Amino acid sequence: MTEEQDLIDQSPPPSAPDPEPNSSTNPNSVIHPRRVSFEHGLLPIQKLVFTDPIQTLAPVKQKLADAASNNRVGSAAIADVLQISGDHARLVLETLGSVLHSESDPLVRAKPEEVDSVGADLRDLILFLYIQSYKKLLPRTHKDSAAVADVWPSTSAFDGYLSALSPIQAITVLWYSIVSHHMGRTNFIGAKILVRSNSRRFMPSQADDEAHQLSYLQKHLANIISLLAEPVEGEGDESLVFSMEAFEHLGFLVQFGDKGSDVSPLSQATPFFANSDPDMPAVPVPASQVHDWLLQNIASALESITERISGKENGPSNDQDDAMSDVCAAPNKVAPSTRGPCLIEGVSKTSLVKQASDLRGRSVKVVNCHDSVIYLLAPLRYATVHGCSDTTIVLGAVGKAIKVEHCERVHVIVAAKRVCIANCRECVFFLGVNQRPLIVGDNHKLQVAPYNTFYSHLEEHMREVGLEPTINKWDKPLALGAVDPHDSLSHPAGVADAQAESAASVDPDQFVNFLIPNWFSGAELGSTKDNPFPLPDAYMAAQQRNLKNFEETRRSLKEAPLEENRKRELSSALHVYFKDWLYASGNIRQLYCLQGD
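Residues numbered from 1 in each chain as written. Predicted model: local features only at pLDDT ≥ 70, side-chain atom pairs only at ≥ 80, totals over all residues. Heavy atoms only, no water.

(A) Spatial organisation of the overall build of the chain. Scanning the chain from terminus to terminus reveals 17 helices and 20 strands. Across the 597 residues of the chain, 49% fall into the buried class. Restricting to contacts in the chain with at least 6 residues of sequence separation, those with at least 24 account for 59%. For the chain, the computed accessible surface area is about 28500 Å², with 53% contributed by carbon and sulfur atoms. (Helix = DSSP H or I, 4+ residues; strand = E, 2+ residues; numbered from the N terminus. Buried < 20%, exposed > 50% of the residue type's maximum accessible area, 1.4 Å probe, protein only. Contact = heavy atoms within 4.5 Å. Areas by Shrake-Rupley, 256 points an atom, 1.4 Å probe, with all protein chains shown as cover.)

(B) Local environment of the nonpolar core. One finds Phe242 and Leu250 to be the most contacted residues of the largest nonpolar core, which totals 80 residues. Ranked by the residues each element gives to this core, the list is headed by helix 11 (residues 206-228), at 10 residues. By size, the runner-up hydrophobic cluster in this structure holds 62 residues, among which are Ala378, Val410, Ile413 and Val419. (Core = buried A, V, L, I, M, F, W, Y, C linked by side-chain atoms within 4.5 Å.)

(C) Quick peek at a nonpolar patch on the surface. A surface patch of nonpolar side chains, about 290 Å² in accessible area, is lined by Leu557, Leu562, Leu570 and Leu574. Take Leu557: it is sitting in helix 15 (residues 537-559). (Patch = residues over 30% accessible without salt bridge, like charges linked within 9 Å, V, L, I, M, F, W, Y side chains within 5 Å. Salt bridge = Lys/Arg side-chain N within 4 Å of Asp/Glu carboxyl O.)

(D) Seen up close, the environment of Arg90. Note that Arg90 resides in helix 4 (residues 86-99). Considering only alpha carbons, one finds Arg90 and Ala79, 11 residues apart in sequence, at a separation of 8.6 Å. Apart from the residues lying within four places of it in its own chain, the contact partners of Arg90 are Ser75, Pro112, Val115 and Asp116.

(E) Inspection of the pattern of salt bridges at higher detail. Enumeration according to the criterion identifies 18 salt bridges in this entry. Arg35 is the salt-bridge partner of Glu210, the closest N and O atoms lying 3.2 Å from each other. Of this pair, Glu210 sits in helix 11 while Arg35 sits in helix 1 (residues 35-40), and the two are 175 residues apart along the sequence. In this structure Arg35 comes out as buried when scored by relative accessible area, which is 10%. In this structure, Arg409 and Asp390 form a salt bridge, with 2.8 Å as the shortest nitrogen-oxygen distance. With Arg409 in the loop between strand 13 (392-405) and strand 14 (411-416) and Asp390 in the loop between strand 12 (373-386) and strand 13, this pair connects stretches of sequence that are 19 residues apart.

(F) How the structure looks around the environment of Val512. Checked against the element boundaries, Val512 lands in the loop between strand 20 (503-505) and helix 15. Classification of Val512 as partly exposed rests on a relative accessible area of 45%. For the pair Val512 and Ala449, spaced 63 residues apart in sequence, the C-alpha separation works out to 10.0 Å.

(G) Inspection of helix 14 (residues 458-465) at higher detail. Buried within helix 14 are the following residues: Leu458, His461, Met462 and Val465. Viewed along the axis of helix 14, the buried residues span an arc of 100 degrees, placing them on a single side of the element. Each element contacted by the buried residues of helix 14 is listed here: strand 12 and strand 13. One or two residues past the end of helix 14 sits Gly466, with phi positive at roughly 85 degrees. (Arc of directions from axis to C-beta.)

(H) A look at the pairing of strand 15 (residues 419-422). Alternating positions in strand 15 separate into two faces, Val419 and Ile421 on one and Cys420 and Ala422 on the other, with burial throughout. Here four bridges tie strand 13 to strand 15, and the two strands are oriented parallel to one another. When the bridges of strand 15 are listed, Lys403 appears paired with Cys420. Pairing of strand 15 with strand 17 (residues 438-440), which is carried by three bridges, proceeds in the parallel orientation. Across the sheet, Ala422 pairs through a bridge with Val440, a residue of strand 17. (Pairing = 2+ DSSP bridges.)

Structure follows, in structure tokens:
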């Protein structure tokens, strides 16, 4: 495949922003939820999900406060108070650190060996625990729902039930339902359920997700405010106030503006803390004033989003905020949005290459891509891979977190701080990862392997996002629940306790390096000349052994006492076997890419 054949940006030019309340002079005066907290900050650990957060979390907060040192809580105290294992307590800290709003927080800057002792700020930890009660928005239906109703039925309780079963168990359940009833309609329903459970889901649009998250915050704001507010000394809980420091911790949940790390401190958007003298502590304000002000801003933002969604449903729109539009409506879509992550959607039967200069948003979502090779060679904060199949996805350095969900037969090659794998089948992950890979949901036949590639700017990108090449926990996956308590489906009793299927390690003899072509020969090259993650001894030995066998085989064939016609027949047979292997392994797509080098 030549460089000209690579997929180019086909998205429409950015349209003028929608009019927002109070935004005529300041485009960053509109409140937004911090999406990363809801997208990368939820853990399927039942003991972290408080069904009545204000009643149960208030005493937990007090116990954590009693165990805190300088208002910070370490992993030992978290494990003791929440009655979870040490591994899960460590996971809480690592997950919280990956989504914190403040880059200067000690937990964000802590070295791996310091995480347990550095701990989390009590206020951030309480907010993190509170949103574990959040229920995600249901996957949206196809725009032409009538046309796909027979093969994409509406969500039902069977979805959650079947997703908790292995394929054999699911088939057994369906077969039992068929033979126990008369043939005909029951058989048809069973077929529909099977199609639904094994099909990839459409990701909700950014606007839908944002509205859902704001509605959650609107509903729970009074509880959240009461948990973070401080009583006035001598006046008891009846008189609660917010200091500017405490108010900044609400930045874990909301922000003004929507440009990732470029947002201003939350307090600077308020009428009561803005322009405070940095040398003088700001006067605390009543919690009721904070509550009313946030509630008013959330209501205004929800009204604006509702109007925008309504406008799109009633007519065509070029608004990039509809970034998660249906792949059938906009195939091969690449949308470098200044609002939210860059979207790569619907890439099919081709190759796509993006460098650091192409991914200015610093976060990326790869959605519904099939039978392709996608190279995203850039330093990134967050990444999401959703609903892809038969595709190889190579990401550069991901400094916060990457989540791969609802994928089938996908190879993911990534250097990252943390990796979460959810509801995937027959996927292989080649990882350079500083924290234990997290495996949740309905997974089957997953494999993990050490990182197996490099490109010239890789080490530069890793340093930029804070990845450590000497730490690679690819072979220590942590499997959690098979059922996600944050989805909006109902699940049969007992299913929630099932554990996700973990991943097996790739056989060292089957491990191969992945070669990234150099399409940009005129560009300045970086300093990386080899894989920065050292290979484990078994894999290094297997590579050396395979190379030795290859050299011996090539020498034997070259020195074989065969006539010329027999040599040609042998060469032809080897080419046939090699071609069959290329197609069977999926490496034919990589070969097409190399032809364009």
